[in-house]
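Next come the chains, spelled out residue by residue.
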Amino acid sequence: MTTDTAVEAVNAARHYGQGQYAVKALDDVSLSIRKGEFFTLLGPSGCGKTTLLRLIAGFETPTSGQILLSGKDITAIPPNRRRVNTVFQSYALFPHLSVARNIAFGLEMLGRPKSEIAPRVTDMLRLVQLDQMAERKPAMLSGGQQQRVALARALAPEPEVLLLDEPLSALDLKLRKEMQLELKRLQTETGITFVFVTHDQEEALTMSDRIGVMKAGKLQQVGGPREIYNGPVNRFVADFIGETNFLTGTAAGDTVRIATGETLAVPGAGQGPVTLAIRPEQIRIADDGPLTATLTQTVYFGTDTHCHLRLGDGTDLVARLQSPPSGDVGLSAGQTLRLAPVPGSVQVLEEG
Amino acid sequence: MSERRAKPFSITAMPGFATIAILAFVLLYVPIITMVIYSFNASNSVALWGGFSFRWYAIAWENDTVQEATVRSLVIAVSAALIASTLATLAALGTTRRKKFKGQTFVYVMINQPLMVPEIVTAVALLIFFAAIKKATGYTGLAYLILAHSAFCVPFAYLPIRARLEGMDLTLERAAADLYATPFQTFRRITLPLMAPGIAAGAMLSFVISLDDVIITEFVKSAGQDTLPTYMLGQLRRAVTPEVNAISTALLGLTVLLLTAFFLLTRKRG
């Protein structure tokens, strides 16, 4: 039994309905989340990430498989007896209780003495910077403040694992960025394992130690942000995390001949038909580049300029160039350019 | 040429709207205001004004029969409100805290039956039913009236409680469970306090409805069990004095007070 594992899902499945009409919200997922890590479940809506979170919280029971908490099987244990707390998407603050009473709720239910609860609540209020709001009712707080009460309430009982169900989705962009940093700080300070659910790839990349990308009830890839971004295992992951250009071609050892007839150097590409992924920021304009393309449009984004390009066979590509100080990259539509991917940046993907 | 714009239909722009509205309000309030004014009439007549006085309030206050009827009315109304709101709370918990089930509409109709069956029918049914029990047991106390009132108050208590529960976010109960509350603690600490305003509203509505009931009371009551409304009805058969006005005005005051409290409680916060 490994003690450095916080949560484990073993062949966990959750089906709705029966027989051929069953919907597999979660389809045989095995996953192990380490103690003290910030783990993100990332995927589009309906991919099963929230279902997996509910299985860990105990709001739902798996159709088959097991959930382990610190190595112990908790599959049949009700939510109120799991040392797991949740930050809900809607916050779910108790409207009839003050901020302080909301935060104290978990500790009260655990039967902790008052002498322990009061200082703990004070500490939590300070941790989320709401010292002045202790006696307010949730309805009197802003969205961002409610969010922080929800966090404090879930952290107060010092759970083994904190589950966060898209908690930032209701906040505006600026507040969301602030809360991302705040969450990371809280996680580092408390050392509690965070399991964070989101459909926002940027959020996942900036906060996580590791990310699990999900699609249609299945786990596609698990790895660190850099690993996922730079080495996506399949087309879905490459496409979901950041922008990507896809090229199809035929591999022959360390080169790939793409549909236009041009050849790219891709070390270890293997043999036969392949899909290649190249990130827009990894494409350079180079006179000796292997690809020839026509510039169809440039779009100015401030720091970057996106160049929309078309290859000889009609495949569209996007290259992201850093805008020069003048703001003008000095290219015009209709121009023919030679392109080169940055060496080592071309990914070979499995179909998926 | 001026631009023509299609205006949305508005009832307030129809000819005669103001006239009809004012007439309706006159019809609603003039009789009540007249009654209230004449309750302060010094003369013996309900129609001729003889100067301002609290005479009829004093007479009503000192009338033993009125006093007994008032106490009886209050005992029945309080008991019925308590019983009906308890039953309605259980019914609302049973019908809303779950997935939709077969026959849900049927259950709603069953619970709300007293709203739909003509009261006189319920009255006759209860009269016959209770007569049989009276014969068998020999008991002739207030329990029959309390039970009858509780029965027809249930839907009035049920509706605000159900509305309150339906508007409640189920995630709150999930959050409580997540924070180590047992199912009973969740009910005691979260669900019950949140539905309390609905229960209070239901109880108050029941109280008012019970206090004012004539038909069922008239049929079910045993000899000497007059409530305030049935006493007043009895008075009408003899000479009508402004005492009836005084009692009515007092009842009106109590009802307005309770209904105000009801609206304050059911009003959404925020």
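Fair warning: this is a prediction, and the values are worked out from it, not measured in the lab.

Enquirer: In this structure, what is going on with the UniProt feature "transmembrane region" (unreviewed entry) in chain B? I would like to understand it.
Expert: Per the UniProt record, "transmembrane region" (unreviewed entry) is found at residues 12-40, 74-94, 115-133, 139-159, 190-211 and 246-265 of chain B. What you have in residues 246-265 of chain B is 100% helix and 0% strand, and the ends, taken at the C-alpha atoms, are 29 Å apart.

Enquirer: Which parts of the structure should I look at to understand the UniProt feature "domain: ABC transmembrane type-1" (unreviewed entry) in chain B?
Expert: When the UniProt feature table is mapped to this numbering, "domain: ABC transmembrane type-1" (unreviewed entry) covers residues 70-265 of chain B. Each end of residues 70-265 of chain B is marked by a C-alpha atom, and these two atoms are 26 Å apart; helix forms 81% of the span and strand 0%.

Enquirer: Hey, could you run me through a nonpolar patch on the surface in this one?
Expert: All names here are of chain B. Taken together, the side chains of Phe25, Leu28, Tyr29, Ile32, Ile33, Ile37, Trp49, Phe52, Phe54, Leu252 and Val256 present a nonpolar region at the surface, about 1100 Å² in accessible area. Breaking the nonpolar patch down by element, the ones donating at least two residues are helix 1 (17-38) and helix 12 (242-266). When residues of the nonpolar patch are assigned to their parent elements, the largest contribution, six residues, is made by helix 1.

Enquirer: It is not clear to me how the sheet that holds strand 17 (residues 336-341) of chain A should be interpreted in this structure. Could you clarify?
Expert: Residue and element names in this part refer to chain A. The strand order 13-17-14-15-16 describes an open sheet built from five strands, whose pairing is antiparallel. Each edge of the open sheet carries a strand with a single partner, namely strand 13 (283-285) and strand 16 (316-322). Neighbour to neighbour, the strand axes of the sheet diverge by 50° on average, direction disregarded. As paired strands, strand 14 (residues 291-300) and strand 15 (residues 304-311) are joined by seven bridges and run antiparallel to one another. Bridged to Val299 within strand 15 is His306.

Enquirer: Can you walk me through the domain arrangement of chain B in this structure?
Expert: Residue and element names in this part refer to chain B. Split by domain assignment, chain B resolves into domain 1 (15-53) and domain 2 (63-268). With nine residues of domain 1 at the interface, the matching set in domain 2 holds eight residues. Around 680 Å² of area is buried between domain 1 and domain 2 when both sides are counted, 71% of it from carbon and sulfur atoms. By the criterion of area lost to domain 2, the three top residues of domain 1 are Met35, Ser39 and Val46, representing 62% of everything that side buries.

Enquirer: I'm lost on the sheet that holds strand 5 (residues 72-73) of chain A in this one. Help?
Expert: The pairing of strands in a sheet happens through backbone hydrogen bonds and is either parallel or antiparallel. Residues and elements named next belong to chain A. Taken in spatial order, the four strands of this open sheet run 2-1-4-5, and their pairing is antiparallel. Sheet topology places strand 2 (23-34) and strand 5 at the edges, where each strand pairs with a single neighbour. For strand 4 (residues 64-69) and strand 5, the ladder comprises two bridges, and the chain directions are antiparallel. The residue bridging Leu69 from the neighbouring strand is Lys72, located in strand 5.

Parameters and conventions
- Residues numbered from 1 in each chain as written.
- Chains lettered and ligands numbered in written order.
- Predicted model: local features only at pLDDT ≥ 70, side-chain atom pairs only at ≥ 80, totals over all residues.
- Heavy atoms only, no water.
- UniProt positions renumbered as here; feature names shortened; annotations may be inferred.
- Helix = DSSP H or I, 4+ residues; strand = E, 2+ residues; numbered from the N terminus.
- Patch = residues over 30% accessible without salt bridge, like charges linked within 9 Å, V, L, I, M, F, W, Y side chains within 5 Å.
- Areas by Shrake-Rupley, 256 points an atom, 1.4 Å probe, with all protein chains shown as cover.
- Salt bridge = Lys/Arg side-chain N within 4 Å of Asp/Glu carboxyl O.
- Pairing = 2+ DSSP bridges.
- Axes fitted to C-alpha atoms, helices over the stretch in contact; angles between N-to-C directions.
- Domains from an automatic or database assignment.
- Contact = heavy atoms within 4.5 Å.
- Buried area = accessible area lost by both parts, 1.4 Å probe.

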